[in-house]
Amino acid sequence: MEITKNSTQDEIKMAAKALKDGHLVAFPTETVYGLGADATNEKAVSRIYSTKGRPADHPLIVHISSIDKLGKWAVGIPEYALKLANKFWPGPLTLILKRSDLAKDFITGGQDSVGVRVPAHPIAISLLSEFEELFGHGVVAPSANKFGAVSPTNSKDVYKEIGNKLLSNDIILNGGNCEIGLESTIIDCTTHLPMILRPGAITYEMIENLLVTSVRLSNFNKTRVSGNFISHYAPTAEVVISESTFDGEGFLALANISTPINAVRLSSPSTLEDYAKELYVAFRKADEQKLLRIVVVLPEGGGLAEAIRDRVIKATGKPSN
Ligand code: TXA
Ligand code: MG
C-alpha cells in the first residue's frame, strides 16, 4: 500500500493498472474520497466489503468517466434522468437507474437497479479514463471509511480509516481536500418521477428548476441507502443538536453564532459551502481531541443546508421524524 503525494499522471496510470489487476485504489472525488475496485471483478469488489465491514447486500455506485459510458451500465433511462446527467455531470450527482446485464448482483446488492455517477475531480476523471483505456468498464467506489463512520475528505484520513486493511498492491491517490466535503445527491430514477434518496450539493431547488417538477426526499428505502441507517456518518463522540454546551464539549455552528463559554470551537464556517466542507473535518477533529460530545447548531433554510442537516441528524443516531 502506497500513498502518493499529489498524484502525478504516471501514478494515476499505475493506479488504473492496479484496478485492472484486481487491486483497490482509494481516490479523491469532489465530494469525498472513494475506495475503488473494478466493477466487473467480483473478487476485487468483495474486498471493498471486507475492508469497510459493509453488509454484502448494500449496493455500490459505479463511477464512469463520461455520460457516453452510461449505456453500458443502465437501460431504459428516462428522459428526465438524461436531462439531469447532461446538466450536472461531471458532478456530485448519482442516478439510480434500471441496470444492464453488466451490473451484476455483487455490485447492486441483488437489486434490479444500479447507481451511476461521473465525478468532477480531475484525478478521478483521469483515473477513470485511464482505466477505460485498459478496457475497464467502470469503478465501484463507496466512501473510503469503515461502515457507519465519517467519510474521509483527504488522503490522510483515508489512511487512518482503512490503511491497516489495505494490501501492498493497493494504492491511495492524493488529490488534496475535497471541494464539497459531503457525499453526492442520490436520485432514484427508476420510476416516472425522480425521488431524492440522499440530499447533497445538487439541491432540490436545482433539480426542480431543471425538471420543472417537484421532487421530495424519500422517507422509505431505509434499508438500501446506507446513509439511511439510523446511525451513520458518525464520529465516536456523541453528536447532539443544541445551542448550549457543557464544559469542554465540541461546538460547531455558523460563524455568526458565538462560542458558548468553555466549549471547544471545532469550526466557524461563514457560508453553507464552508459548513459542508468542514463538517466531517470537525467531526474528526473532535475524535482526535477525544471529546465526548459535539454540540451542533444546524443551519436553516434550503439548498445545501438540507444536506448538512441530513448528515448531522444521521450522525446523532436518532431518526429525523
Ligand atoms: O459522493 C459519493 O457518492 C461518494 C463518492 C466516492 O462518489 N460515494 C459514496 O458511496 O458516498 P457510498 O457507497 O458510501 O454511498 C452510496 C449510497 C449507498 O448508501 C448505497 O446504498 C446507495 O448509494 N446506492 C447505491 N446503489 C443503489 C441502488 N441501486 N439503489 C439504491 N441505493 C443505492
Ligand atoms: Mg458512505
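Given the structure is predicted, the values throughout are model-derived calculations rather than measurements. (Residues numbered from 1 in each chain as written. Chains lettered and ligands numbered in written order. Predicted model: local features only at pLDDT ≥ 70, side-chain atom pairs only at ≥ 80, totals over all residues. Heavy atoms only, no water.)

What to know about the overall build of the chain
Across its full length, the chain holds ten helices and 15 strands. Over its C-alpha atoms the chain spans a radius of gyration of 19 Å, differing by no more than 12% from the 20 Å that the globule rule assigns to 321 residues. Counting only C-alpha atoms and orienting by the principal axes, one finds that the chain spans roughly 60 × 50 × 30 Å. Expressed as a percentage of the 321 residues in the chain, the buried residues total 56%. Considering only contacts in the chain between residues 6 or more positions apart, those separated by 24 or more positions represent 66%. As displayed, the chain offers around 13600 Å² of accessible surface, 53% of which is attributable to carbon and sulfur atoms. The positive charge centre, built from 34 side chains, and the negative charge centre, built from 36, are 3 Å apart in the chain. (Helix = DSSP H or I, 4+ residues; strand = E, 2+ residues; numbered from the N terminus. Rg over C-alpha atoms; globule rule 2.2 N^0.38 Å. Buried < 20%, exposed > 50% of the residue type's maximum accessible area, 1.4 Å probe, protein only. Contact = heavy atoms within 4.5 Å. Areas by Shrake-Rupley, 256 points an atom, 1.4 Å probe, with all protein chains shown as cover. Lys, Arg positive; Asp, Glu negative; His and termini not counted. Charge placed at Lys NZ, Arg CZ, Asp CG, Glu CD.)

Structural notes on the sheet that holds strand β12 (residues 238-241)
Spatially, β12-β15-β13-β14 is the arrangement adopted by the four strands of the open sheet, whose pairing is parallel. If you trace the sheet from one side to the other, it starts and ends with β12 and β14 (264-267), each paired once. Strand-to-strand, the axes of this sheet are offset by a mean angle of 30°, without reference to chain direction. Of the strand pairs in this sheet, β12 and strand β15 (residues 293-296) are connected by four bridges, and their pairing is parallel. Looking across to β15, one finds that I241 is bridged to V296. (Pairing = 2+ DSSP bridges. Axes fitted to C-alpha atoms, helices over the stretch in contact; angles between N-to-C directions.)

Considerations on unusual backbone geometry
The amide bond that connects W89 to the next residue, P90, takes the cis arrangement and shows omega of -10°. On the secondary structure map, P90 appears in the loop between α4 (79-88) and β6 (93-99). One non-glycine residue with positive phi stands out, namely F135, at about 70°. With a relative accessible area of 70%, F135 lands in the exposed category. Here V212, not a glycine, exhibits a phi torsion of approximately 50°, which is positive. Tracing the backbone through its elements, the reader meets V212 in the loop between α8 (204-211) and β12.

What to know about the pattern of salt bridges
As a working rule, side chains carrying opposite charge can pair if their charged atoms are close by. Tallied over the entire structure, the rule returns 15 salt bridges. In this structure, K69 engages E132 in a salt bridge whose closest nitrogen and oxygen atoms are separated by 3.7 Å. Note that K69 is positioned in the loop between β4 (61-63) and α3 (70-73) and E132 in helix α6 (residues 122-133), a separation of 63 residues in sequence. Residue E132 is classed as buried on the basis of its relative accessible area, which comes to 13%. (Salt bridge = Lys/Arg side-chain N within 4 Å of Asp/Glu carboxyl O.)

Here we look at helix α1 (residues 9-20)
The terminal C-alpha atoms of α1 lie 17 Å apart, and with twelve residues this matches the ideal 16 Å at 1.5 Å per residue to within 8%. Inspection of α1 places I12, A15, A16, A18 and L19 among the buried residues, and these make up the whole buried set. Viewed end-on, α1 has its buried residues packed into an arc of 160°, placing them on one side of the element. If you follow the buried residues of α1, they end up packed against β2 (25-27), β3 (34-38), α6, β8 (139-140) and β9 (171-172). Remark: G22 follows α1 within two positions and exhibits a positive phi of approximately 95°. (Expected span 1.5 Å × (residues − 1). Arc of directions from axis to C-beta.)

Overview of the nonpolar core
Membership of the largest hydrophobic core comes to 47 residues, with the highest contact counts inside it found for L84, L95, I107 and V140. Broken down by element, the residue count for this core peaks at five residues, all from α4. With sequence-adjacent residues up to four places away left out, L84 is seen in contact with W89, L93, L95, I187, C189, I207, L210 and L211. (Core = buried A, V, L, I, M, F, W, Y, C linked by side-chain atoms within 4.5 Å.)

Considerations on the domain arrangement of the chain
Reports often express the size of an interface as the amount of accessible area lost when the parts come together. The domain boundaries assigned to the chain delineate domain 1 (2-217) and domain 2 (238-316). Between the C-alpha centres of domain 1 and domain 2 there is a distance of 27 Å. Taken together, the two surfaces of domain 1 and domain 2 that pack against each other cover about 1500 Å², and 56% of this comes from carbon and sulfur. Of all residues in domain 1, V150, L182 and P199 bury the most surface against domain 2, accounting for 36% of the area lost on that side. Between domain 1 and domain 2 we count four salt bridges in total. The salt bridge involving R284 is made with D157; its shortest N-O contact spans 3.7 Å. Along the contact surface separating domain 1 from domain 2 lie eight residue pairs in polar contact (both at pLDDT 80 or more). Those elements that provide at least two residues to the side of domain 1 that touches domain 2 are α7 (155-162) and α8. No other element matches α7, which puts three residues into the side of domain 1 that touches domain 2. A breakdown of the residues in the side of domain 1 that touches domain 2 according to their chemical character gives nine nonpolar, six polar and seven charged. (Domains from an automatic or database assignment. Buried area = accessible area lost by both parts, 1.4 Å probe. Polar contact = N/O pair within 3.5 Å; in protein donor to acceptor, adjacent residues only side chain to side chain. Nonpolar A, V, L, I, M, F, W, Y, C, P; charged D, E, K, R; others polar.)

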